[in-house]
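# Residue-level structure breakdown
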Amino acid sequence: MPSTVIRNVRPLGGAAVDVVLHDGRISALLPAGSAAPELATLVDGQGQLLLPALVESHVHFDKTLWATPWRPNSAGPTRNHRISNEHTVLKDFQVPMAERAGPLIEHCIAQGSLYFRSHLDTQTVWGLKHVQEMLALREKYRHLIELQLVAFPQGGLLIAPGTLALMEQALELGVDVVGGIDPAGIDRDPIRHLEKIFELATRYRRGIDIHLHDLGELGRWEIERIADMTEAMGLQGQVVISHAYSLGAFAPAELMPLADRLAALGISIMSCAPPNVSVPPVAMLRSRGVNVCSGSDGIRDAWSPMGSGDMLERAMLMALRFGWSKDEELEMAFDVVSQGGARALNLQAYGLDVGCQANLLLLPAENIAEAVVNRSPQRTVISRGQVVAKDGIFLVA
Ligand SMILES: [Zn+2]
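Our subject in this report is the structure included herewith. Not measured: the values here are computed from a predicted model.

### What about the overall build of the chain?
Regarding its fold elements, the chain presents twelve helices and 16 strands. Against the compact-globule benchmark of 21 Å for 397 residues, the chain has a radius of gyration of 21 Å, which places it among compact chains. Considered along the principal axes of its C-alpha atoms, the chain spans approximately 65 × 50 × 40 Å. Taken across its 397 residues, the chain has 56% of its residues classed as buried. Surface accessibility of the chain: about 15500 Å² in total, with carbon and sulfur atoms responsible for 53%. Placing the 34 positive and 44 negative side-chain charges of the chain at their respective mean positions leaves the two points 3 Å apart.

### Focus: the nonpolar core
One broad rule of soluble globular proteins: the nonpolar side chains tend to lie buried together. Phe 61, Ile 109, Met 134, Ile 145, Phe 198, Ile 208 and Ile 241 are the most contacted members of the largest nonpolar core, which has 103 residues in total. Of the residues forming this core, the biggest block, seven residues, is contributed by helix α2 (residues 97-111). When near neighbours in sequence (up to four residues on either side) are disregarded, Met 134 contacts Phe 61, Asp 62, Met 97, Ala 101, Leu 120, Leu 147 and Leu 149. Leu 21, Leu 50, Leu 352 and Ile 382 belong to the second-largest nonpolar core, a separate cluster that totals 14 residues.

### Describing a nonpolar patch on the surface
A cluster of nonpolar residues, Ile 191, Leu 218 and Trp 221, forms a patch on the protein surface that exposes about 230 Å² of accessible area. Turning to its location among the elements, Leu 218 is positioned in helix α6 (residues 216-233). Overall, the relative accessible area of 41% leaves Leu 218 in the partly exposed class.

### Considerations on the coordination of the zinc ion
Bound to the zinc ion are the protein donor atoms His 58 (NE2), His 60 (NE2), His 211 (NE2) and Asp 297 (OD), situated 2.1 to 2.3 Å from the metal. Seen from the zinc ion, its four donor atoms lie at angles of 88 to 169°, and the figure they make is irregular.

### Quick word on helix α7 (residues 252-265)
Between the first and last C-alpha of α7 there are 19 Å, a value that for 14 residues agrees with the 20 Å anticipated at 1.5 Å per step. Of the residues one or two after α7, Gly 266 is the one with positive phi, at around 65°.

### Regarding the side chain of Asn 85
Among the secondary structure elements, Asn 85 is positioned in helix α1 (residues 79-92). Setting aside chain neighbours within four positions, we find Asn 85 in contact with Ser 74, Ala 75 and Ala 302.

### A short note on the packing of aromatic side chains
Under the counting rule described, the total for this entry stands at three aromatic pairs. With a centroid separation of 5.3 Å and 70° between ring planes, the pair formed by Tyr 115 and Tyr 350 is classed as edge-to-face. In this pair, Tyr 115 sits in strand β6 (residues 113-121) while Tyr 350 sits in the loop between α11 (339-344) and β13 (360-363), placing the two residues 235 residues apart along the sequence. Per residue, the accessibility class of Tyr 115 equals that of Tyr 350, and both read buried. Here the guanidinium or amino end of Arg 220 rests over the ring plane of Phe 250, the centre of that ring lying 3.9 Å away.

### Points about the state of the cysteines
Linking two cysteines covalently via their sulfur atoms produces the bond known as a disulfide. Enumeration according to the criterion identifies zero disulfides in this entry. Unpaired in this structure, Cys 272 has its nearest cysteine sulfur neighbour in Cys 293, at a distance of 9.1 Å. We note that Cys 356 lacks a disulfide partner, and the nearest cysteine sulfur, in Cys 293, lies 19 Å from it. Owing to a relative accessible area of 7%, Cys 356 belongs among the buried residues under this scheme.

### Quick notes on the packing of α2 against helix α3 (residues 129-141)
Where α2 meets α3, the axes come as close as 10 Å, and the angle between the chain directions of the two elements is 40°. Classed by the angle they form, the pair α2 and α3 counts as oblique. Where α2 crosses over α3, the handedness of that crossing is right-handed. Side by side, α2 and α3 meet where Met 97, Ala 98, Ala 101, Gly 102, Ile 105 and Glu 106 of the first sit next to His 130, Glu 133, Met 134, Leu 137, Lys 140 and Tyr 141 of the second.

### As for the sheet that holds strand β10 (residues 239-243)
Ordered by their spatial adjacency, eight strands build an open sheet running β5-β6-β7-β8-β9-β10-β11-β12, and the pairing between neighbours is parallel. Here the strands that pair on one side only, and so sit at the sheet edges, are β5 (54-59) and β12 (292-293). Running at roughly 150° to β6, α2 makes contact with β5, β6 and β7 (146-152) of the sheet.

### Brief notes about the pattern of salt bridges
Under the criterion given, the structure shown has 19 salt bridges. With its nearest N and O atoms 2.9 Å apart, the salt bridge here joins Arg 79 to Asp 182. In this pair, Arg 79 is assigned in helix α1 and Asp 182 in the loop between β8 (177-181) and α5 (190-204), connecting sequence segments 103 residues apart. We classify Arg 79 as partly exposed; its relative accessible area is 31%. When its relative accessible area of 0% is taken as the criterion, Asp 182 is described as buried. Arg 220 is paired through a salt bridge with Glu 217; the nearest N and O atoms lie 3.0 Å apart. Remark: Glu 217 and Arg 220 occur in helix α6; sequence separation between them is three residues, near one turn of the helix. Accessibility expressed as a relative area gives 44% for Glu 217, which makes it partly exposed. Counted as one network, the salt bridges with shared partners bring together Glu 224, Arg 225, Asp 228, Glu 231 and Arg 261.

### Quick look at the environment of Ala 365
Mapped onto the secondary structure, Ala 365 falls in the loop between β13 and α12 (368-374). Distance from Ala 365 to Leu 200, taken between C-alpha atoms, is 45 Å for residues 165 residues apart in sequence.

What counts and what doesn't
Residues numbered from 1 in each chain as written. Predicted model: local features only at pLDDT ≥ 70, side-chain atom pairs only at ≥ 80, totals over all residues. Heavy atoms only, no water. Helix = DSSP H or I, 4+ residues; strand = E, 2+ residues; numbered from the N terminus. Rg over C-alpha atoms; globule rule 2.2 N^0.38 Å. Buried < 20%, exposed > 50% of the residue type's maximum accessible area, 1.4 Å probe, protein only. Areas by Shrake-Rupley, 256 points an atom, 1.4 Å probe, with all protein chains shown as cover. Lys, Arg positive; Asp, Glu negative; His and termini not counted. Charge placed at Lys NZ, Arg CZ, Asp CG, Glu CD. Core = buried A, V, L, I, M, F, W, Y, C linked by side-chain atoms within 4.5 Å. Contact = heavy atoms within 4.5 Å. Patch = residues over 30% accessible without salt bridge, like charges linked within 9 Å, V, L, I, M, F, W, Y side chains within 5 Å. Salt bridge = Lys/Arg side-chain N within 4 Å of Asp/Glu carboxyl O. Donors = N, O, S within 2.8 Å, 3.2 Å for Na, K, Ca; no water. Tetrahedral: all angles 85-135°; square planar, octahedral: opposite > 155°, others 65-115°. Expected span 1.5 Å × (residues − 1). Phe/Tyr/Trp six-rings, centres within 6.5 Å; stacked < 30°, edge-to-face > 60°. Lys NZ or Arg CZ within 6 Å of the ring centre and 35° of its normal. Disulfide = S-S within 2.5 Å. Axes fitted to C-alpha atoms, helices over the stretch in contact; angles between N-to-C directions. Parallel < 35°, antiparallel > 145°, perpendicular 65-115°, else oblique. Left-handed = near helix turned anticlockwise from the far one by under 90°. Pairing = 2+ DSSP bridges.

Quick look at the structure:
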């Protein structure tokens, strides 16, 4: 494949360069105006900001009602109400998952995300239906995105007999990551829940990404046990704790020993930074070396009608949640939805260096801080060296 060039763009807001692409990778970064004129121009960047494609580290594509008529949220107040409501809504629904999740994936691509980790309901009420349909969708978009799938026991692991066998089947079929959920709050047997998922992860040589909503001291105790097992099983760098609301309940000084342990074990924390619950102290965790990533969680589903799939918006919401306003704080929010996600998902060749995948986002902004604040809809998205979306429109037939 001949080389192409993106002319006159500013990586992360720095000096203008020409970016030469070859075989879907960045092959050279040259001062603006110096790339050979005979090279085909992929994009004339006109001085726009160049960013690596965004990383959506926590989403539930299989649950979405995207691309369907508006449906008023009918969920009750408790988690069990919401789970049973979701079963009712999705069972009633006549629109196949591919016609909901597919358009949502394309929409997310058009916002600039090309890396995803989607939790996938693996529970007896669905059998392997969600697993098989999402694996098919992953194949459909494999040429454009990296989509990691997590076997997620939404209804509990131990309290729902048959779920563990389904999780194993999902891993056999190609699901990438072992999920878990509230070992105490849902399964009421935290050690056994954690032993089961760590055993699966070691046997199948996969990482772990566990939903942990359990609050306060109970949640912190579970995080300590996750750290114990990560160390004992040699899963350093392979474990993500999603939500970890309990970490928001303690003063920074009380959290430091645990934060240092998470950093040493390479355990990432995923936070959507929601406004209505305690959330992990992102800046403090990062200052101790803990990696933090973020995601949309549910987008327009039976749990919540919210969500846009725009990870620049997620960075803005995180900044609002913590009252961040300085440029360096907005850059931190951006790092969470880019490099933080890349570290949590163990992405290879991510970024803007020579040799990295040419998965890129261009938009008009002076710098990263302005990109987070303005969230311009005038975005050009490049996947593996090809323009795949422009101004919010997905262009691939
Ligand atoms: Zn989730």
